[in-house]
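# Analysis of the macromolecular model
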Amino acid sequence: MENQGISISSSHDLAKFRDVDFQGFFCYHKSLLKESRRRRCSLRHRSLGVRRGKEVRPEKRELIYEGRTKKLYQTDRPELIVQEFSDDAVLLDGKKKAKIKNKGALNNQVSSHLFEYLEGYHIPTHFVQQLSDCEMLVKRLEIIPLEVVIRNVAAGSLTTQYGMKEGLDLPHPILEHYMKSDHLPPPLLNEYHILVMGLATPEEIKLVNRIATKVNVVLRSFFERRNLKLLDFALEFGRHRGKILLGDEISPDTCRLWDSRTNKKLDADHFRQDSDSMREAYEEIRNRVFTKVA
Ligand code: TMP
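Here goes a summary of the coordinates provided.

Cut-off values and rules
Residues numbered from 1 in each chain as written. Predicted model: local features only at pLDDT ≥ 70, side-chain atom pairs only at ≥ 80, totals over all residues. Heavy atoms only, no water. Helix = DSSP H or I, 4+ residues; strand = E, 2+ residues; numbered from the N terminus. Buried < 20%, exposed > 50% of the residue type's maximum accessible area, 1.4 Å probe, protein only. Contact = heavy atoms within 4.5 Å. Areas by Shrake-Rupley, 256 points an atom, 1.4 Å probe, with all protein chains shown as cover. Pairing = 2+ DSSP bridges. Core = buried A, V, L, I, M, F, W, Y, C linked by side-chain atoms within 4.5 Å. Lys, Arg positive; Asp, Glu negative; His and termini not counted. Salt bridge = Lys/Arg side-chain N within 4 Å of Asp/Glu carboxyl O. Polar contact = N/O pair within 3.5 Å; in protein donor to acceptor, adjacent residues only side chain to side chain. Axes fitted to C-alpha atoms, helices over the stretch in contact; angles between N-to-C directions. Parallel < 35°, antiparallel > 145°, perpendicular 65-115°, else oblique. Left-handed = near helix turned anticlockwise from the far one by under 90°. Nonpolar A, V, L, I, M, F, W, Y, C, P; charged D, E, K, R; others polar.

## Side note on the overall build of the protein chain
- Counting its regular elements, the protein chain contains eight helices and 16 strands.
- Going through the 294 residues of the protein chain one by one, you find that 50% of them count as buried.
- Nonlocal contacts in the protein chain, meaning residues at least 24 apart in sequence, comprise 63% of its contacts between residues at least 6 apart.
- In the form shown here, the protein chain has an accessible surface area of approximately 14,600 Å², with 52% of it arising from carbon and sulfur atoms.

## Observations concerning the pairing of strand S7 (residues 127–130)
- Here S7 pairs with strand S8 (residues 135–139) via three bridges, running antiparallel. Bridge assignment links Phe127 to a residue of S8, and that residue is Val138.

## Describing the nonpolar core
- With 45 residues, the main nonpolar core has Val215, Phe223, Phe237, Leu246 and Ile250 as its most contacted residues.
- Top contributing element to this core by residue count: helix H6 (residues 202–224), with 10 residues.
- Dropping the residues within four chain positions of it, Leu246 is found in contact with Phe115, Leu118, Ile123, Pro124, Thr125, His126, Val215, Leu235, Glu236 and Phe237.

## With respect to the side chain of Asp267
- Topologically, Asp267 is positioned in the loop between strand S16 (255–259) and helix H7 (268–271).
- The buried charged residue Asp267 lacks any salt bridge partner; its closest oppositely charged side chain belongs to Arg256, at an N-O distance of 4.0 Å.
- Among the polar contacts made by the side chain of Asp267, one reaches the side chain of Trp258 at a distance of 3.1 Å.
- What Asp267 contacts, discounting residues up to four positions off in sequence, is Cys255, Arg256, Leu257 and Trp258.

## Considerations on the packing of helix H3 (residues 103–119) against helix H8 (residues 275–289)
- Two numbers describe how H3 lies on H8: the axes approach to 10 Å, and their chain directions differ by 25°. Relative to H8, the element H3 lies roughly parallel. Our pair here, H3 against H8, has a crossing hand that is left-handed. Taking contact as the criterion, the partners of Lys103, Leu106, Asn107, Gln109, Val110, His113 and Leu114 in H3 are, on H8, Met278, Arg279, Tyr282, Glu283, Arg286 and Val289.
- Of the residues assigned to the contact of H3 with H8, the class counts are six nonpolar, three polar and four charged.

Written out as structure tokens, the structure reads:
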């Protein structure tokens, strides 16, 4: 099996991805899926010169980026970086607030688990392995400066800016692009903006949208089986060795989740003013993510 990272170099590769994308994963038998996941992990590691089964322990070096909730560190391997999650929470005005105990570890656990899960469905991600409570090892990406948001249920800006009723099930998902920016709220973009500003090529936009749509299908079903409704979430992508990989994190910080039986809100926005409730909601999500279901 080849490395499943998606090459953007030719339309043939796009067609190949389309086949993997929509024919493949619906008909997987569970054991085949497990085997495929195991082999993929192995290949993912081997392509970076790392043997499966051996812990990768690159030397953590200088800080290369500090975001609001994460820090990135260079390692002694140029293509690998350490993504470290902090306990900082962010208010709606974008400023940091007091720390939420254990939030970094919870987000790291959830993200690591979901990245591995997505890799099992041939979704190419930057994830290599979890290193510690708050650290994961990832492939170095050239970040595409977009936030890709997918919405299944009306909430957040769909209610505040478009007047939709909160909780309304959308007849089909809405995919949006925002510019990665310190402006709040971040500017909503259409494809013309993206092309004129040179943020991504038409092929890259197509590929990013296709991967994001597939992530939505896989995660929605994953959460549904754990009695969680995935209302919306944000993804980031980057380039690595000519391929587009899913980057950043997938955690309660970037997903809006409700309990599907009671509609209890478990998302960060609801709890930003109350640290204890926010930690409890994040723990609840972590526990459900790790629940084994049929
Ligand atoms: P919104 O309804 O406030 O626009 O947010 C939609 C979803 O996307 C919500 O789950 C939060 C997430 N999001 C981020 O995590 N980062 C971002 O920069 C944006 C625009 C959205």
